Amino acid sequence: MRNALTLSPEIRAALADGMPVVALESTVIAHGLPHPDNLETSQAMEQAVRDAGAVPATIAVVDGRIRVGLSEEDRAHLADPDADIAKLSRRDIAACVVVGGTGATTVSATMICAQAAGIEVFATGGIGGVHRGAVETMDISADLLELSRTPVLTIASGAKSILDLPKTLEYLETQGVPVLGYQTDTLPAFHSRDSDLPLDHRVDTPEQAARIARLHWSLGLGGLLVCNPVPEDAALALGEVETWIDAALAEAGQAGIAGKTVTPFLLSRIAKSSGGRSLTANRALLIDNARVGAEIAIALSQRE
């Protein structure tokens, strides 16, 4: 794996010096947000990490190399709506590298690449999970298994609200993934601050999260999920979002949309129904998660 990695000079130097580094995914650039919001949000996330005192490392596969730390040219290419950018999960990384392809990394792929580079903290928007109707479709994101086995701490605003949140939380429990509410006692619901699903563990400071992560990893265990609610001034009411989701799911079913295309389709329909408010919430939570990720990375870098 290391032979396929290309670390930017900044990331290489930061890791060598023991500086706090935060991994960021690239799917949000290529598939998660419309242009130019995708490019602007990616830049704002990196700036949030820097403002908090850490170093951002956005990850993607570019021309058959796993790049940890992107150039502005790389980022612009990923953000181009006319570019053919693959969406890479765990199963897709090796194939994309071998054929010299370019792809944006999802949560699971970013975790794998971050761990290979020696990065302990990863900030994203919302993880994938158990899809609604999974009893029939078996549509369960690879993110959940990755969280159980790859020793990286992930900061997210819970799972995407289009998913079956109770089943997602149950699956994480089955896989032994610690789900830590960051200054909250309930699972955030992506665009909404509260899903009414209680969490067993809460942390109120970056230092608490870092101490739990260190001990978790010292026991030879996998990843951790820190759930940071969307900022209050950008949050949407859960009931309102559920109405939009139901309508979008019905439309997707009628159109025969399935697999990797479901999530971007549903999010685009919710953005339309909300008059763009869901995009505002998405951008706000991505940037705030980057900030929290930086604060936890700093706490982790201060070894006890």
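Details of the structure are given in the entry above.
What this report covers is the structure whose coordinates are included nearby.

Focus on the nonpolar core
Here is step 1: If you look at the biggest cluster of nonpolar residues, it comprises 103 residues, and the most contacted ones within it are Val 22, Ile 66, Val 68, Ile 127 and Ile 296.
Here is step 2: For this core, the element with the highest residue contribution is helix α13 (residues 277–301), accounting for 11 residues.

Focus on the pattern of salt bridges
Two side chains of opposite charge can pair, provided their charged atoms sit close to one another.
Here is step 1: For the coordinates displayed, the defined rule picks out 13 salt bridges.
Here is step 2: Between Lys 167 and Asp 164 there is a salt bridge, with the nearest N and O atoms lying 3.3 Å from each other.
Here is step 3: We note a salt bridge from Arg 269 to Glu 251, for which the minimum N-O separation is 2.9 Å. Residue Arg 269 is located in helix α12 (residues 262–273), and its partner Glu 251 is located in helix α11 (residues 238–255); the two are separated by 18 residues in the primary sequence.
Here is step 4: Given a relative accessible area of 33%, Glu 251 falls into the partly exposed group.

So, the pairing of strand β2 (residues 21–24)
When a strand is regular, its side chains alternate between the sheet's two faces.
Here is step 1: By the alternation rule, side chains of β2 split into Val 21 and Ala 23 and Val 22 and Leu 24, which are all buried.
Here is step 2: Relative to strand β3 (residues 55–62), β2 is paired through 4 bridges, and the arrangement is parallel. The residue bridging Val 22 from the neighbouring strand is Pro 56, located in β3.
Here is step 3: Examined bridge by bridge, β2 and strand β7 (residues 121–123) share 3 bridges and lie parallel to one another. In the strand pairing of β7, Leu 24 is matched with Ala 123.

Reading the values: rules and limits
Residues numbered from 1 in each chain as written. Predicted model: local features only at pLDDT ≥ 70, side-chain atom pairs only at ≥ 80, totals over all residues. Heavy atoms only, no water. Core = buried A, V, L, I, M, F, W, Y, C linked by side-chain atoms within 4.5 Å. Buried < 20%, exposed > 50% of the residue type's maximum accessible area, 1.4 Å probe, protein only. Helix = DSSP H or I, 4+ residues; strand = E, 2+ residues; numbered from the N terminus. Salt bridge = Lys/Arg side-chain N within 4 Å of Asp/Glu carboxyl O. Pairing = 2+ DSSP bridges.

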